[in-house]
Amino acid sequence: MSSNRFDIIVVGAGIAGLTSALALQRDGARVAVLDRHRAGTEASWAGGGILCPLYAWRYPQPVLALAAEGMRRYPNLLASLDSNIDPERWVSGMEILDPVGEGETTELISATLASAGIAHQWRQQGDAHALWLPEVANVRNPYLLDALIDTLRARGINLYEQCAAEGLLLNAGRVTGVATSQGDLQAERVVITAGAWSEALIPGLPMGSLFPVRGQMLRLEPRPENALDRILMDDGVYLIPRRDGSVVVGSTVEYAGFDKTVDAEAQERLHAHACRLWPQLAGARITHRWAGLRPGSSDEIPLLGEHPSIAGLWTNTGGFRNGLAMAPATAELLADRMADRPTALDPTPYRLERLIDA
Ligand SMILES: Cc1cc2nc3c(=O)[nH]c(=O)nc-3n(C[C@H](O)[C@H](O)[C@H](O)COP(=O)(O)OP(=O)(O)OC[C@H]3O[C@@H](n4cnc5c(N)ncnc54)[C@H](O)[C@@H]3O)c2cc1C
């Protein structure tokens, strides 16, 4: 390593770590990011890239607030990147068939979406309702990660790949750095953004506070005349159109530990559901199948703040199903908190104190 002393070390180079690093470096810090694999190859790569929660009204208010703020901030984030890679953000809109679940009403859904500033219209489909969200975009998240990594490099942020954090360096109740597979790195402050693997790096967190939630996906290439023009969602299954005409289908929600196996039965179910939703997909070539591990949290709310008893240890993790949508907002909230500036959103619901005693 060229130097082993930084202002801030960010542990984990997914969407949370990469966007946090950029926001913190912009504030003047000397930042290093480490990842035990290649940067941007876990959940943030595997995700669908829909920049809005699915069934947004079913999430805790603090999640909806972060996601809505993230949606608003995306155009600025993308415009600020130093890269020739186009993340292909596309405001395709999202249509949700039969959105009204048990105990829900169209009025409740409308009021929740309106409170978050998410535009929507109701459409009648026979006897059933459909919900149209015209401003929902999707990004090609692997391209977004590559563009973020380019930007990190262009701005001189140190990116250590194949470099695993093995423990924290602590002294008198403060973090002083990270013990890594490539040696010790010193820093005034450390931010844990290790996704589904974060729990082991946050002392005092009760077991089960953060955990992996597997999601399986597949990608199809329909004929150009069968291209889909919007995100289509029904009963938990979604179809995402990409600008090149391909369609990404997701996803399962499985509590199966740190296991990224793709299984034939779940894939068949997703495929069959997708073909019912968009019959033009029948016969389309399946080009990829994959799974990723979302960082779930016990109350579904991200952990964003400073550790209550280890000064200088911060976290930005637990994005669960909305980590891509929320990323520009979580990075700014973290940077504002670390700089002790006023925040756009109330930081209280995300604090670690709700899970860790001081
Ligand atoms: C199938 C699927 C579909 C999804 N669809 C969407 C969607 O449409 N919209 C949306 O908003 N969200 C979606 N999500 C959720 C979203 O992808 C995640 O919430 C988000 O990517 C989490 O980002 P992260 O940076 O916290 O984690 P990750 O991307 O997993 O990054 C964590 C990084 O930390 C590294 N790491 C772990 N341990 C260590 C260590 N000890 N030392 C160093 N590095 C370490 C890992 O290698 C990894 O690169 C989806 C997720 C999945 C799996």
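Residues numbered from 1 in each chain as written. Predicted model: local features only at pLDDT ≥ 70, side-chain atom pairs only at ≥ 80, totals over all residues. Heavy atoms only, no water.

Overview of the pattern of salt bridges
Our working definition: Here a salt bridge means any side-chain nitrogen of Lys or Arg lying within 4 Å of a carboxyl oxygen belonging to Asp or Glu. Think of it this way: any DSSP run of H or I at least four residues long counts as a helix, any run of E at least two long counts as a strand, and we number them from the N terminus. The classification of residues rests on relative accessible area computed with a 1.4 Å probe and restricted to protein chains. Under 20% of the type maximum is buried, over 50% is exposed, and intermediate values are partly exposed.
Evaluation of the coordinates by the stated rule reveals 22 salt bridges. One salt bridge in this structure joins glutamate 42 and lysine 260, with 3.0 Å as the shortest N-O distance. Taken as a pair, glutamate 42 in the loop between strand 2 (31–34) and helix 2 (43–46) and lysine 260 in the loop between strand 13 (247–250) and helix 6 (264–277) lie far apart in primary sequence, 218 residues in all. The shortest N-O distance in the salt bridge between glutamate 95 and arginine 230 comes to 2.6 Å. Here arginine 230 lies in the loop between strand 10 (210–221) and strand 11 (231–234) and glutamate 95 lies in strand 3 (residues 94–97), a separation of 135 residues in the sequence. Accessibility assignment for this pair places glutamate 95 and arginine 230 in one class, buried.

A few points about the site of the ligand
Which entries qualify depends on this criterion: In these notes, residues near a molecule or strand are those with any non-hydrogen atom within 4 Å of it. Side-chain atoms alone can form a polar contact between residues adjacent in sequence; in general such a contact is a pair of N or O atoms within 3.5 Å, and within protein one must be able to donate a hydrogen while the other accepts it. All accessible-area figures derive from a Shrake-Rupley calculation using a 1.4 Å probe, and residue coverage is judged against the displayed protein chains alone. In this classification, Asp, Glu, Lys and Arg are treated as charged, Ala, Val, Leu, Ile, Met, Phe, Trp, Tyr, Cys and Pro as nonpolar, and every other residue, Gly included, as polar. For the domains described, the bounds stem from an automatic or database domain assignment.
Neighbouring residues of the ligand: 40 residues in total, closest Asp35, Ser44, Ala165, Phe320 and Ala325. Note that an oxygen atom of the ligand is positioned 3.1 Å from one of the backbone N or O atoms of glycine 49. Within the contact set of the ligand, an oxygen atom lies 2.9 Å away from a backbone nitrogen or oxygen of isoleucine 50. Contact with the protein chains covers 97% of the free accessible surface of the ligand, which is 1000 Å². Those elements giving two or more residues to the shell around the ligand turn out to be helix 1 (15–26), helix 2, strand 10, strand 14 (285–297) and helix 7 (323–338). Looking at the shell around the ligand residue by residue, the classes come out as 20 nonpolar, 15 polar and five charged. For the shell around the ligand, the two domains that each supply at least three residues are domain 1 (5–57 + 143–209 + 298–354) and domain 2 (91–137 + 210–297).

Some details on the sheet that holds strand 10
Cut-off, in case you're wondering: The pairing criterion is simple: DSSP has to find at least two bridges between the two strands. Axis lines are fitted to C-alpha atoms, over the contacting stretch for helices. Their N-to-C directions set the angle, which ranges from 0 to 180 degrees. Contacts were defined at the residue level, with two residues in contact if any of their heavy atoms lie within 4.5 Å.
The eight strands are arranged 4-5-3-11-12-13-10-14 in an open sheet whose pairing can be described as mixed. Looking at which strands have only one partner, the edges of the open sheet turn out to be strand 4 (121–125) and strand 14. Going across the sheet, the axis of each strand differs from the next one's by a mean of 20°, ignoring polarity. Where strand 3 lies against strand 11, four bridges are found, and the strand directions are parallel. Opposite isoleucine 96, over in strand 11, you have methionine 233 as the bridge partner. Against the sheet, helix 4 (residues 106–116) makes contact with strand 4 and strand 5 (128–133), and its axis sits at roughly 5° relative to strand 5, the strand it touches most.

By themselves these figures say nothing about function.
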